[in-house]
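Residues per chain are reported as follows:
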Amino acid sequence: MPFTPPDVQLAAIAPEIVLCVAALVLLVLDGFTGNMWNRLHLPVLSTVAFGFAGWLAIDQWGAAETQLSGMVALDGFSIFVKVTLVVFGILTVWCARDHLTRAGIEEGEFYALTLFVAAGMMLMASAADLIVMFLALETFSIGLYVMVGFRQHSLNSQESALKYFLLGSFSSAFFLLGIAMVYGATGTTNLYGVTTPGASEGVAHFLATTPSSGLGLLVLATGFLIVGLGFKVAAVPFHSWTPDAYQGAPSPVTGFMAAGSKLAGFAAILRLFDAILFPLRGDWRPILIGIAVLTMIVGSVLAVVQEDLKRLLAYSSIAHAGFVLVGVIAASDRGVSGSLFYLATYGLTVLGAFAVVSVIEGRDEDRMRLSAYRGLFYERPALAGALTLFMLSLAGVPLTSGFIGKLLVFGAAIDQGYTWLAVIGVLASAIAAFFYLRVLVVMYMQEPDEDQALRANGGIPSNAVIAVTALATLGLGVVWGPLFDLARDATFFF
Amino acid sequence: MSDLPMLDIAIFIPLAGALLLALWVPKDKPDIARWAALAITVATFAVSLFVLFDFDAAAPGFQLGSEASWIPQWSIGYVTGIDGISLWMVMLTTFLMPLGVLASWSITARVKPYFVFLLILETGMLGVFCALDLFLFYLFWEVTLIPMYFLIGIWGYGRRVYASMKFFLFTLVGSLLMLVAILFLYFAATGNPTFDYRELLGTPLTLGTQRLLFLGFFASFAVKVPLFPLHTWLPDAHTEAPTAGSVMLAAVMLKMGVYGLIRFAIPLFPDAARELTPMVVALAIIGIVYGAAVAMMQKDLKRLIAYSSVAHLGFVVLGVFVGTSAGMSGGVLQMVNHGLSTGALFMLVGALYERRHTREIADFGGLARSVPVMAGIFLFVALSSIGLPGLNGFVGEFLILLGTFTAFSWWVIPAAFGIVLAAIYLLWAYQRVFQGPVTNEENSSIVDLRWRELGMLAPVLALIVVIGMYPKPFLDRIGPAADRVVIQLKEGSVLPASGVAEGVGP
Amino acid sequence: MELIPGNDIKVLAATTIYFPLITAFILLFFGKRLEAGRLGKRVKGWTGWLATFAIARSFAGAVVLFFELISRPEHERAIAVKVFDWIKVGGFDVSFDLLVDPLSVVMLLVVTGVGTLIHIYSTGYMHDDERYSRFFAYMNLFVASMLVLVLANNVLLLYVGWEGVGLCSYLLIGFWFEKPAAANAAKKAFIVNRIGDFAFLLGIFLLSSTVGSLAMGQINAQAGAMGAATATTISLLLFAGATGKSAQIPLYVWLPDAMEGPTPVSALIHAATMVTAGVYMVARLSPVFEAGDALVVVGWIGALTALWGAFMAATEYDIKRVLAYSTMSQLGYMFLAHGVHAYSAGIFHLVTHAFFKALMFLGAGAVMHALAGETDMRKMGGLRKVMPITGWTFMAGWLAICGVIPFAGFFSKDAILASAWHEHQYALWSIGVLTAALTAFYMSRLYLRVFEGKLKVPEGVHAHDAPWTMAAALVPLAVLAVVGGVINLPGTLTLEHFLEPVVGASHVPEGITPWILAGAALAVAAVGILLARALYMTRSSNVRRRELYQRTRPLVDAARNKFYVDEFYGRVIVMPGKRLAQFAATVVDAKIIDGFLTGIGRATAGFSEGFRRVQTGYVRSYALVFLFGAVAILSILVLRVS
Amino acid sequence: MTWEQLIFGVVFVVALGSSMAMLFMRNAVHVALYLVAAQMALALAFLLQGAFFIAAVQIIVYAGAIMVLFLFVIMLLGVDKQEALIEPLPAQRPLAIGLGVLLAAEIIYVAGKGLELVTGAGANSAALNEINQNPGNVKALARLLFSSYLLPFEATSILLVVAIVGVMVLARRMSASDLVRASKNDETLEAA
Amino acid sequence: MNSVGPGYYLLLSALMFTVGVIGALVRRNAIVIFMFIELMLNAVNLAFVTFARMHGEVVGQVIVFFVLVVAAAEVVVGLAIILVIFRQRASANVDDVNLLKW
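Parameters at a glance
Residues numbered from 1 in each chain as written. Chains lettered and ligands numbered in written order. Predicted model: local features only at pLDDT ≥ 70, side-chain atom pairs only at ≥ 80, totals over all residues. Heavy atoms only, no water. Contact = heavy atoms within 4.5 Å. Buried area = accessible area lost by both parts, 1.4 Å probe. Salt bridge = Lys/Arg side-chain N within 4 Å of Asp/Glu carboxyl O. Polar contact = N/O pair within 3.5 Å; in protein donor to acceptor, adjacent residues only side chain to side chain. Helix = DSSP H or I, 4+ residues; strand = E, 2+ residues; numbered from the N terminus. Nonpolar A, V, L, I, M, F, W, Y, C, P; charged D, E, K, R; others polar. Buried < 20%, exposed > 50% of the residue type's maximum accessible area, 1.4 Å probe, protein only. Pairing = 2+ DSSP bridges. Axes fitted to C-alpha atoms, helices over the stretch in contact; angles between N-to-C directions. Parallel < 35°, antiparallel > 145°, perpendicular 65-115°, else oblique. Left-handed = near helix turned anticlockwise from the far one by under 90°. Phe/Tyr/Trp six-rings, centres within 6.5 Å; stacked < 30°, edge-to-face > 60°. Lys NZ or Arg CZ within 6 Å of the ring centre and 35° of its normal.

## A short note on the interface of chain D and chain E
So, step 1. Listed by partner, the interface residues are 91 residues for chain D and 73 residues for chain E.
So, step 2. The contact between chain D and chain E buries some 7,300 Å² in all, and 77% of this surface belongs to carbon and sulfur atoms.
So, step 3. Seen at the junction of chain D and chain E, the total is 1 salt bridge.
So, step 4. Measuring nitrogen to oxygen at the nearest pair gives 3.8 Å for the salt bridge that ties Arg28(E) to Glu87(D).
So, step 5. Linking chain D with chain E are 13 residue pairs in polar contact (both at pLDDT 80 or more), by the criterion used here.
So, step 6. For the side of chain D that touches chain E, the elements supplying multiple residues, two or more each, are helix H1 (3-24), helix H2 (28-48), helix H3 (52-77), helix H4 (92-118), helix H5 (125-146), helix H6 (150-171) and helix H7 (176-191) of chain D.
So, step 7. For the side of chain D that touches chain E, a count of residues per class yields 67 nonpolar, 16 polar and 8 charged.

## Quick word on the pairing of strand E2 (residues 92-100) of chain C
Residue and element names in this part refer to chain C.
So, step 1. Taken across its 9 residues, E2 has 8 buried, putting it largely inside the fold.
So, step 2. Examined bridge by bridge, strand E1 (residues 79-89) and E2 share 9 bridges and lie antiparallel to one another. When the bridges of E2 are listed, Ile79 appears paired with Val100.
So, step 3. Taking the residues between adjacent antiparallel strands as the criterion, E1 and E2 are bridged by 2 residues, where Gly90 takes a positive phi near 50°.

## Observations concerning the packing of helix H11 (residues 281-303) of chain A against helix H17 (residues 419-445) of chain A
All names here are of chain A.
So, step 1. Put simply, H11 and H17 touch, their axes get as near as 8 Å, and they point 20° apart. Compared by their axis directions, H11 and H17 come out roughly parallel. At the point where H11 passes H17, the crossing takes the left-handed sense. Contacts from Ile289, Val293, Met296, Ile297, Ser300, Val301 and Ala303 of H11 reach H17 at Trp420, Leu421, Ile424, Gly425, Ala428, Ile431, Ala432, Phe435 and Arg438.
So, step 2. In terms of residue class, the contact of H11 with H17 is built from 13 nonpolar, 2 polar and 1 charged.

## Re the packing of aromatic side chains
So, step 1. The tally for this structure, following the rule as stated, stands at 114 aromatic pairs over all chains.
So, step 2. Measuring from ring centre to ring centre gives 5.9 Å for Phe323(A) and Phe410(A), while their planes differ by 90°; the resulting arrangement is edge-to-face. Placement of Phe323(A) in helix H12 (residues 309-330) and of Phe410(A) in helix H16 (residues 401-415) is noted, with a sequence separation of 87 residues between them. Judged on exposure class, the residue Phe323(A) and its partner Phe410(A) are both buried.
So, step 3. When the ring centre of Trp74(B) is taken as origin, the NZ or CZ atom of Arg334(A), which lies over that ring, is 5.5 Å away.
So, step 4. Across the ring face of Tyr317(C), the terminal group of Arg378(C) is positioned such that the distance to the ring centre comes to 3.6 Å.

Shown next as C-alpha cells:
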C-alpha cells in the first residue's frame with residue numbers, strides 16, 4: 001500500500017484557514033504594538049478577516065461535495081452556518097471592543113480567541129467525520145473556556161470558567177465514547193464515506209446496508225452523541241452549566257456563546273440526526289422529543305423568578321434550545337431550514353440583548369440585576385427600545401424575527417404531525433413571555449432610581465451593534481423571505 | 001374617490017402618524033402631541049367615511065380591499081377587504097378613536113409615548129378587522145396587544161402592572177393556541193399551503209380535526225370576548241386602564257373576539273361550530289346572567305361596567321351562534337351598540353375620576369345636584385345599555401333574543417332575564433352615585449362636564465338615538481354579510497367528500 | 001267619505017306625537033337657559049306653558065282625528081299609517097307605523113285631554129320648584145311615549161311606548177331624587193315594571209314566531225288560527241306585562257311607593273293614563289285573549305286586585321296612598337270587565353276613572369299644597385270651608401267613584417257588573433259588588449275626614465284654596481266626573497258602539513235585570529257611604545271604630561302593613577337574589593374562577609421558585625444531573641435495542 | 001493459558017485496581033501516581049493489541065509529560081492537602097455510584113451484543129498483524145495521518161495553539177488595576 | 001496469538017470509564033476530578049484500540065493519537081483555570097466555588 005499524498009482542496013476550509021491565520025497575525029501584531037494606536041486595529045483586522053472568510057464561504061455557495069478525503073463537507077448547509085457565524089463574530093468583536101475597555105481587560109488575545117473559536121465552530125458545521133467534529137468541538141470549547149474566564153479578577157468569571165470547563169470536558173468524554181462506539185459498530189468514523197485508500201464506507205452507507213437488527217451498538221452510540229451535543233446546545237438535562245457560565249462570562253462572550261456555540265452544536269446535531277442517522281429516527285426521535293419538552297418547559301419555568309438579566313437570558317436560551325429541537329425533531333426540509341432560520345435570528349437577537357447588557361452593566365456585575373434597569377426607557381429611550389424589541393422577539397411576538405423562527409419550527413413540527421409538540425411549545429413560550437414582560441415592566445413601569453442616573457454610556461461600536469441587531473430583528477420579522485430562501489436552499493451534502 | 005385604496009390608507013394613517021409623533025415631536029411639547037394625535041385620528045375617521053360611502057351593501061364577498069404578495073415562499077399575502085360586518089367594526093374604531101384621544105387630554109405624564117401607543121393600537125385594530133390573510137390577521141391581532149399592554153401598564157391606576165400582565169398573558173395563551181390552529185390549517189389547505197382566508201374557506205377537514213381547530217381559534221377569541229369563564233382578566237384590565245384604554249378595550253378590542261368568531265371560527269369550521277353551538281350558547285347565556293349578577297355587587301364603578309360588558313358580550317355571542325339572521329345581525333349591531341354605550345360610560349367614569357380621584361361607588365352620592373348634565377348623560381347611556389326601546393341597545397338585544405327564541409325557543413328566558421338584571425345593577429348604581437342626599441362634602445363642589453367632554457360625548461349620544469330610532473342603514477349593510485355567515489353556520493359543510501373519518505387529521 | 005286624505009292623517013297622527021316629544025327635548029336641553037332667558041325673566045314659568053301648549057296641540061289633533069273617524073263609515077274607521085321603516089332584518093320587518101281607530105282615538109283624547117288639564121294644574125303646582133322646566137320636559141316626554149303606545153300599530157312599537165312611559169314614570173317618581181325614598185320608589189317602579197316587560201317581551205317573541213308579524217291587524221286576524229294553547233300562553237305573557245304596568249297582583253307593589261313623586265305625576269301617570277296601558281293593551285289584542293282561556297285569569301286577577309286594593313285603601317291614612325290603592329282596585333275593575341269580555345265597558349271605566357281619579361289626585365295635591373305637603377288625613381278635617389273649590393270638586397270625584405247615580409262612575413261600574421252577571425260570572429260579580437261597597441266606604445272615609453267635620457289643620461299652616469291654575473284644572477275634571485257617564489248613555493253615538501269595530505260588541509242582560517243590578521250597585525254604595533259616616537262623622541264614631549277595630553284587628557293590621565307583601569318579596573326574592581349575587585361576586589368569581597386561572601400562573605412561579613434550587617451551584621451536582629440524564633437516555637435506548 | 005491471557009490478567013487487575021484506588025486516595029499526589037500506574041497498564045494493553053506506537057506515546061506523552069504537569073500543579077497548590085472524607089452533598093455518593101454501575105452495565109451489555117454482530121468470534125487481528133508486519137505499525141499510522149487524516153492532524157495544531165494562547169491569557173500576571181479589584185473579591189468570599 | 005477476545009478489553013474500558021465517572025462525581029479537589037476525567041479519556045482510548053484490532057485496521061489507533069493531543073490541550077487549559085481560582089481562594093475544592101447558583 002503505497003503512500004498517496006492527498007490532493008489538497010482548501011475550498012471547504014478556506015474560511016477557517018483565513019480566520020486562524022488572521023488570529024495568528026493578530027497575536028503577533030498585538031505583541032508588537034502593545035497599547036499603541038487606541039486598539040482599533042484589532043477589531044478592524046478581525047472584521048476584515050471575518051469579512052474575507054465570509055466572502056470565501058459565499059463564493060462556494062451551491063457546491064455539494066466532501067473534500068480532504070471526506071473529512072469536511074462543502075455544502076449549502078455548512079456555508080449558511082459559516083456565513084451566519086461570520087456575522088456573529090463581527091458583532092461580537094465590536095461589542096467586545098467597548099466592553100473590554102469598560103471592564104479594563106484590554107487584551108489582544110481576546111480577538112485572537114474569538115477568531116479561533118469562530119473557526120472551530122465553522123469546522124464543526126462542515127465536519128464530515130466524527131473525529132473532525134470532535135476536534136472542532138474541542139477547539140472552540142477550549143477557546144470558550146478561556147474567554148469565559150477572561151475577566152480574571154472577577155470571581156464569577158473564574159467560577160464560570162471552572163464549571164464550564166469541568167463539565168465541558170466531562171461531556172466531551174461521553175461524546176468521545178459515543179464516537180468510539182460508532183467506530184466500533186460501523187468500522188468508520190466518517191459520515192459520508194470516502195474513496196481514498198485506507199478509509200472505508202461511511203456511516204451513512206453502513207446504515208443503508210446493515211439490517212436494523214445489527215444496529216444495537218450504533219443506537220447506543222446515538223445516545224452518547226445526543227449527550228455530548230446536547231451539552232453544547234444546553235438541552236435539559238445537560239443544561240446545568242448554562243446559567244452559571246452565562247452569568248459569569250463577559251457579556252459579549254455570553255452573547256457569542258449563546259449565538260455561536262448553539263449554532264455550531266445544532267449544526268452538528270442537524271447533520272448527524274436529520275441527515276446521517278435519519279434512518280434511525282425511530283430510535284432517537286422519542287428521546288429528542290422528551291428532551292425538547294423538558295428543555296422548553298424547564299428553561300421557561302426556571303427563568304420566571306430570575307432577578308439577574310444575564311441569568312434570565314441564560315435560562316431563556318435553554319428554552320430556545322428546546323424550540324429549535326422541535327425543528328430538529330420534525331427532521332424534514334422544513335424542519336432543518338426552520339431550525340437554521342431560528343438559530344440565525346435568535347443569535348442576532350441575543351447578541352443584541354447581551355450588547356445592551358454589557359452597556360448597562362458598565363464596570364461591575366451588580367448592574368446586571370433587573371433593578372438596574374428601572375425606568376430605563378425614560379433615560380435611554382433608544383437603548384430601552386432596542387432591548388424591548390429583543391425581548392419581544394425572544395418572546396415570539398409578531399413583526400419580530402423571533403416570531404418567524406417559532407412559526408417555522410412549529411410549522412415544521414405540525415407538518416410532520418407533531419401538533420401536540422407545537423402546542424406544548426406555544427404554552428412554554430407563553431410562560432416565557434411572562435419573564436420577558438417582566439423586563440419591560442421594569443424598564444417602563446417603574447420609576448428610575450436616583451443613583452441609576454449615572455448609567456454607563458455605550459460607545460459608538462456597541463451602540464452600532466445594538467442598532468444593527470435591532471434592525472435585523474425587526475427587518476427579519478417583516479421581510480423574512482430572503483433569509484428563509486437561503487435557509488431552505490442550505491441543503492446537506494447528498 | 002374609490003380609485004384610491006381608502007381602506008388601506010385608513011389602516012396605516014395612524015401608524016404613520018405614530019412614527020411621525022415618535023420621531024419629530026419633541027418630548028417637552030405635550031400639546032403638540034395631543035393635537036397631532038387628534039388630527040391624525042380625525043383624518044383616519046374622515047378617510048374611513050369614504051370607505052363607508054364607497055361600500056356597496058349589495059356586492060357579494062369582500063370589497064374595497066387590496067391584495068399584494070408578501071412572502072411568496074409561504075404564500076403569505078397582504079390581503080385586505082371588508083364586508084358588511086367588518087365595515088361597521090372599522091367605522092366604530094375610527095369613530096371612537098378621536099373621542100379616545102379627547103378623553104386622554106388629561107394625561108399629563110409621558111404624553112408623547114402615550115399617543116404613539118394609542119395610534120399604533122388603532123392601526124392594529126383596523127388591521128384585525130380588514131385582514132383576509134390569516135397570517136396578516138394574526139399579526140395585527142398580536143400587534144394590538146403590545147400598545148394596550150403599555151397603555152395599561154404605564155398610564156394605568158392602582159394595580160396597573162398586575163392588570164397589564166394578566167391582560168397580556170391571558171390573551172397571549174389564547175392567541176398562541178390559535179397560531180397552532182392556523183398553522184395546522186395552513187398545511188391542511190387543499191392544493192398548496194396558503195394563509196389566504198378566501199382559499200381556506202371550504203378546506204375539507206374531518207369533524208374531529210375541525211373540532212380541535214375550532215377550539216384552537218375559540219380559545220383565542222373566547223378570551224378576548226371575553227366569554228365566561230375566561231373573563232377575569234377583563235375587570236382588572238378595565239379598572240386599571242386609563243380612560244381611553246378602557247374605552248378602546250371595551251368598545252373595540254372585545255369586538256375583535258366576536259369578529260374573529262364570526263369571520264373565522266364559524267366559516268372555516270362550520271360543522272364543528274354547529275356541533276359545539278349548544279356549548280357556546282350555554283356559555284353565552286351563563287355569561288349574561290352571571291356577568292349581571294356579579295356586576296350588581298361591585299363596589300368599583302369601573303368594575304361594574306366591566307362586568308356589564310361580560311353580560312353584554314354574552315348577548316352578542318348568543319346572537320352570533322343561534323344561527324338565525326335576526327340573531328346574527330342583532331349580534332353585529334349590538335357590537336356597535338355596546339361599543340358606543342360602554343365607551344361613553346367609561347368616558348363618564350373617567351371624567352368622574354378626574355374630578356374626585358375615586359371610583360368607589362360609596363364615595364359618591366347625590367351628584368345629580370352638582371353635575372346635572374353629567375347625571376343626565378350617564379342615565380341616558382345607562383338606559384341605552386339597559387336596552388330601552390328607542391335607543392340603540394334595544395334594537396340589538398331584541399333581534400338577538402328574537403333570533404334565540406326562534407332557534408332555541410325557551411333558552412331565551414334566562415337570556416331575556418338578563419335585561420331585567422341589567423336594569424337592576426345600572427339603575428342601582430345610578431341611584432347610589434347620582435341620587436339621594438349629598439353625603440360627602442367634596443361631591444357638592446365638583447364641576448360639571450366641560451366643553452371638551454361634551455364634545456366627545458355628543459356624537460356618541462347622537463348615534464345612540466339614531467341607531468335606536470332608525471337602524472335601517474346599519475342593518476341594511478350588515479344583513480347580507482350576516483346572512484352569509486348564518487348560511488355557512490347552518491348549511492356549510494367542509495367535511496371531506498369521501499366518508500367522514502373521525503378523529504384528528506394528519 | 002273622508003274629510004282628510006290619508007297622508008294628512010299620517011301627518012296629524014305623527015304630529016300629535018312629535019309636538020310633545022320635541023318640546024320635551026327642547027326643555028330637556030335648553031330648559032334652564034330658556035328660564036334664565038329674557039322671556040323667562042318676564043313670564044316666570046313660561047316653559048311650562050310651552051309644554052302645556054304642546055299637549056293642547058296634540059289634544060286638538062286628537063279631536064280632529066276623532067271627528068274624522070266619526071265622519072267615516074264604521075268599516076273604514078281603522079286607518080294605518082306608516083311613518084318610517086324601523087327594524088328590518090331578513091323576514092322580520094317592523095316599521096314605525098301608527099293605527100288610528102276608535103280605540104286609539106279614545107285613548108288619545110283621554111291622554112291628551114287629561115294631560116292638558118294636568119299640565120295647566122302643574123304650572124301652578126310646580127311653580128316654585130327649581131327643576132320646573134325639567135318637570136315639564138319629563139311630562140311631555142311621557143305624553144309622547146303614551147301616545148306612541150296607544151297609536152302603535154304593531155306590538156313592538158307598543159312596547160316602545162310601553163317602556164317609554166315606564167321610563168318617564170321612573171324619572172318623575174324620582175323627580176325629587178334627593179329624597180332617598182323617592183329614588184328608591186323610582187327604581188322599584190322601573191324594575192318591577194321590567195319584570196313584567198320581560199314576560200311581555202317573551203310574549204312578543206312567541207307572537208312573532210307564531211304569527212310571523214307583529215302588526216296588530218295581522219295578529220288579531222290570525223288570532224283564531226294560532227291554537228288555544230299558544231294563544232293562552234301569549235295572552236298570559238302579555239298580561240303578565242300588564243300586571244306590572246297596571247299594578248295588578250302580583251306586581252302592584254310599586255304603585256303605592258310611586259306616590260313619592262309630585263302629585264300631578266300621580267294624577268296623570270299613576271291614575272289617568274299610564275297605569276291604564278295594560279287595560280288598553282288587552283283591549284287592543286282582545287282577539288288573542290279571546291282565542292285562549294287566559295281571560296279567566298285576567299278576570300280573576302282583576303277582581304282580586306280590586307278587592308285587595310280596596311282593603312288596603314280602607315285602612316290607609318295617607319291621602320295619596322289611599323288614592324293609589326283605589327287606583328289599583330279600580331284598574332282591577334277594568335280587568336274584571338275584560339275578563340268577562342266586556343272590553344268596551346272596561347275602556348269606558350278607564351275613561352271615567354281617568355276623569356274622577358285625576359280629579360281626586362289633583363284635589364289631594366291642592367290639599368297638600370295648602371297644608372305644606374301634609375298627607376296624613378288624621379291631621380285634617382273640614383277643609384271644604386277653607387278651600388271650597390277643592391272641596392266641591394273633590395266631592396264630585398268622590399260621588400263619581402262611589403258610583404252614585406248619575407255620576408260618571410255609576411255608569412261605567414254598572415256596565416262592568418252587568419256584563420259580569422250576563423256572563424254568569426256570579427263570583428266575579430259578587431266580588432265586584434263587595435269591592436264597590438268597600439270603595440264607597442274608603443272614599444267616603446277619605447272625603448269625610450278631610451273635607452267635612454270641623455276644621456282641623458296641622459298647626460302653623462294657613463290653609464287656603466289653590467291658585468287659579470289649579471282650579472282651572474279641577475273644575476273641568478269635576479264636570480267630566482259628573483257628566484262623563486253620558487258618553488255611553490244609549491243614544492246616537494255610544495262609546496261602546498263607537499268601539500265595537502275594534503273590541504266587538506259587549507252584551508248586557510235584557511229585561512229587568514240591569515235595573516236590579518243597578519239598584520244593587522247603588523245600594524252597596526249607599527251602605528259603604530253610610531258605614532263611613534257612622535264610623536267617622538257621628539259623635540259615637542270613635543267608640544264604634546274601636547269596637548270594629550277590636551273585632552277585625554288582625555285583618556286591619558295586616559291591611560295597614562300592606563299584607564306584608566313587600567316584606568314577603570324582600571325575604572323570598574330580593575334577599576336570596578342579593579346573597580346569590582354576592583356569592584357569585586366574592587366567592588365564585590374572585591376565588592374560584594380567577595383563583596384558578598391566576599392560580600396556574602402562581603403555581604408556575606412557585607414551581608420555578610422551588611426548582612431553581614436544583615441549580616445548587618455545586619458543579620458536582622450538575623455533573624450528577626448530567627449523568628442522570630445520560631443514563632436515562634441510554635436506558636431507554638437499551639430497552640429499545642433489546 | 002497463553003502469555004497474552006496471563007499478561008492481560010495482570011493488565012486488567014492493575015488498571016482497574018489502580019483506578020479504583022484513585023477513588024480512595026485522599027492525597028492528590030497519590031491519586032496522580034495511581035493514574036500513572038493505570039496508564040502504564042493501559043499501555044501494556046495497547047501493546048497486546050498491536051498498537052505499538054500508541055503504546056509508546058501513551059507512556060511518553062501521557063504518563064510522562066501530562067502527569068508530570070499534573071504533579072507540578074499539585075505541588076504548586078500544596079502537597080499536604082488532604083481531602084476530607086465526609087460528603088457535603090446529600091446522596092451524591094450513592095447516586096453517583098448507582099448511576100455509574102448502571103452506566104457500565106448498559107455499555108457492557110450493548111457492547112457485548114454489538115460485538116458478535118461486528119465480528120463473529122471477535123477480532124480479525126490477523127489483518128492488523130498483517131499491517132503491522134508490512135508496512136509496519138508506525139508507517140501505517142503515518143500514512144493515514146498524512147493522507148486521509150491530514151485535516152484532523154492540522155486541526156490539532158490549531159487546537160494546541162488555542163490552548164497555548166488560552167494559558168497565556170489565564171496565567172498572565174494580573175495588572176495593577178486587576179489586583180485592586182481582585183482584592184475586593186475577598187470580602188465577597190468572606191460573605192459567601 | 002489472540003486468545004483474549006476484544007470483549008474483555010472493552011469490559012475493562014467500560015469499567016475504567018465508569019470509575020472515571022464516579023470519581024469525577026465524588027471527589028472534590030478540582031485537580032483530582034480532572035484526573036478522573038483523564039481516566040475516562042484513557043478508557044475510551046482503550047476502546048478505540050480494541051475496535052481497531054477488531055476491524056483489523058489502524059484507524060482506531062490514529063484516533064487515539066488525536067485524543068492524546070486533545071487531552072494534552074485540555075490539561076493545559078484546565079490546570080491554568082484551576083490555578084487562577086486557587087490564586088484567589090487558596091483552595092482547589094470545587095464545593096467552595098458556588099457563588100453562582102439558582
